[in-house]
Amino acid sequence: MNAGILGVGKYVPSHILTNEDLEKRMDTSDEWIRTMTGIEERRIAADDMDTSHMAYHAAVDAIENSGVSPEEIGLILVATVTPDRPFPSVSTMLQEQLGAKNAAAMDVSAACAGFMYGLVTAKQFVESSSYDYVLVVGVEKLSKITDWDDRNTAVLFGDGAGAAVVGRVSEGRGILSFELGADGSGGKHLYQDEKLIMNGREVFKFAVRQMGQSAMNVIEKAGLDKEDVDYLIPHQANIRIMEASRERLGLPIEKMSKTIHKYGNTSAASIPISLVDDLAEGKVKDDDVIVFVGFGGGLTWGAICMRWGK
Ligand code: UT7
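Attention here is on the structure that accompanies the text. The structure displayed is predicted, hence computed values, not measured ones. (Residues numbered from 1 in each chain as written. Predicted model: local features only at pLDDT ≥ 70, side-chain atom pairs only at ≥ 80, totals over all residues. Heavy atoms only, no water.)

To continue, consider the packing of helix α7 (residues 200–221) against helix α8 (residues 239–249). At a closest axis distance of 9 Å, the pairing of α7 and α8 adopts a crossing angle of 35°. Crossing hand, α7 versus α8: right-handed. Contacts from Phe204, Ala207, Val208, Arg209, Met211, Gly212, Gln213, Ala215, Met216 and Ile219 in α7 reach Arg240, Ile241, Ala244, Ser245, Arg248 and Leu249 in α8. (Axes fitted to C-alpha atoms, helices over the stretch in contact; angles between N-to-C directions. Helix = DSSP H or I, 4+ residues; strand = E, 2+ residues; numbered from the N terminus. Left-handed = near helix turned anticlockwise from the far one by under 90°. Contact = heavy atoms within 4.5 Å.)

And the structure:
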């Protein structure tokens, strides 16, 4: 019996911050940002829109889309590094707001790989028959930890939330394989010390190496070849990193998800937000083999090979 995704949802704030807006605030240019990252604009949450609010909107969307009722959810996992406050967790706040009164709740801290960690954790609970339905949310309000005086990082990030309801799916569909990993020795390259601090070059090198390798590993673990892959949804951190993993799989450009130009890097939210947009545009169809791959601060990484459909 496989666990799979029964419904998805997303929320992005309405306020758009363009590269041109950033040009007015710091020594940068639209051309540099587009060429070096692929980002054109990002969404920034208002002061009164905190992480839990964005998570709530995405979760409501996903629950509706899945046809499951909030009371049936056994566990809520929220992947975030920008919770409203250290505790109570965002997941417990959601539990109350959703009326998911039978759900246990915890947050997952694995930075941009957080949604992968959340989905894999959900899979374990569903496949062991511990819970019928697990709600997984990836959400970040990175704007509140962004150093707006640091052009090396300020141009990269955006706010948003994506969610999925995980449950049993029919034979042959759902999560076929996964890989999770961590290398704590690289923690010094990307961390929060009040504001976000990053050694972009080091993270870039790690990401190019790890994304391609993890994607290949999950394809092999699923007993498939890279020719069997229909669609790749990489963490949307930098178009050049994403392109490197696409080339490693030998996929044509239209078979890779790309939403970075609209939302920037939304960390744990980037993969589920992309999935929602790809489904809406008909890019992901039943029985497609999809590879998800993410990496982030920690350093952490995670990849999943899935056959889409219920
Ligand atoms: O979700 C995981 C989080 N992090 C990441 O995924 C980030 C991974 N790293 C990257 O995406 C890239 O390293 C960056 C896009 C952040 C930077 O690209 P890079 O190819 O590593 O460039 P660099 O940092 O070596 O900077 C090249 C030049 C420098 O100028 P000099 O020293 O060559 O004169 C920077 O000062 O670009 C300059 N620069 C900028 N120029 C205009 C750095 N940031 C900017 C900026 N606008 N915003």
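Text resumes after the structure shown.
Attention now goes to the site of the ligand. Near the ligand there are 22 residues, and of these Thr28, Cys112, His235, Asn238 and Asn265 occur at the shortest range. Trp32 places a side-chain nitrogen or oxygen 3.2 Å from an oxygen atom of the ligand. With respect to the ligand, the side chain of His235 contributes an N or O atom lying 2.8 Å from an oxygen atom. For the ligand, whose accessible area on its own is 960 Å², the fraction buried by protein is 75%. (Near = heavy atom within 4 Å. Polar contact = N/O pair within 3.5 Å; in protein donor to acceptor, adjacent residues only side chain to side chain. Areas by Shrake-Rupley, 256 points an atom, 1.4 Å probe, with all protein chains shown as cover.)

Look at the link from Phe87 to Pro88: it is a cis peptide, with omega at 0°. Along the polypeptide, Pro88 turns up in the loop between β4 (73–79) and α4 (90–98). Residues Gly298 and Leu299 are joined by a peptide bond in cis, for which omega reads -10°. Inspection of the secondary structure puts Leu299 in the loop between β12 (289–296) and β13 (300–307). Backbone geometry at Ala111 places phi at a positive 50°, although glycine is not the residue there. The class of Ala111 is buried, set by a relative accessible area of 15%. Its identity as a non-glycine residue notwithstanding, Ser267 has a phi of 55°, on the positive side. (Buried < 20%, exposed > 50% of the residue type's maximum accessible area, 1.4 Å probe, protein only.)

Counting buried residues in helix α10 (residues 270–280) gives 9 out of 11 residues, a clear majority hidden from the surface. Residues of α10 that are buried: Ser270, Ile271, Pro272, Ile273, Ser274, Leu275, Val276, Asp277 and Asp278. Looking at the packing, one finds that the buried side of α10 touches β1 (2–11), α5 (114–127), β7 (159–169), β11 (231–234), α9 (260–263) and β12. Gly282 sits one or two residues past α10 and shows a positive phi near 75°.

Glancing now at the environment of Tyr131. Counting through the fold element by element, Tyr131 comes out in the loop between α5 and β6 (133–141). Distance in space between the C-alpha atoms of Tyr131 and Val166 is 9.8 Å, their sequence separation being 35 residues. Setting aside chain neighbours within four positions, we find Tyr131 in contact with Gly74, Leu75, Ala104, Phe125 and Val126.

None of this, on its own, says anything about what the molecule does.
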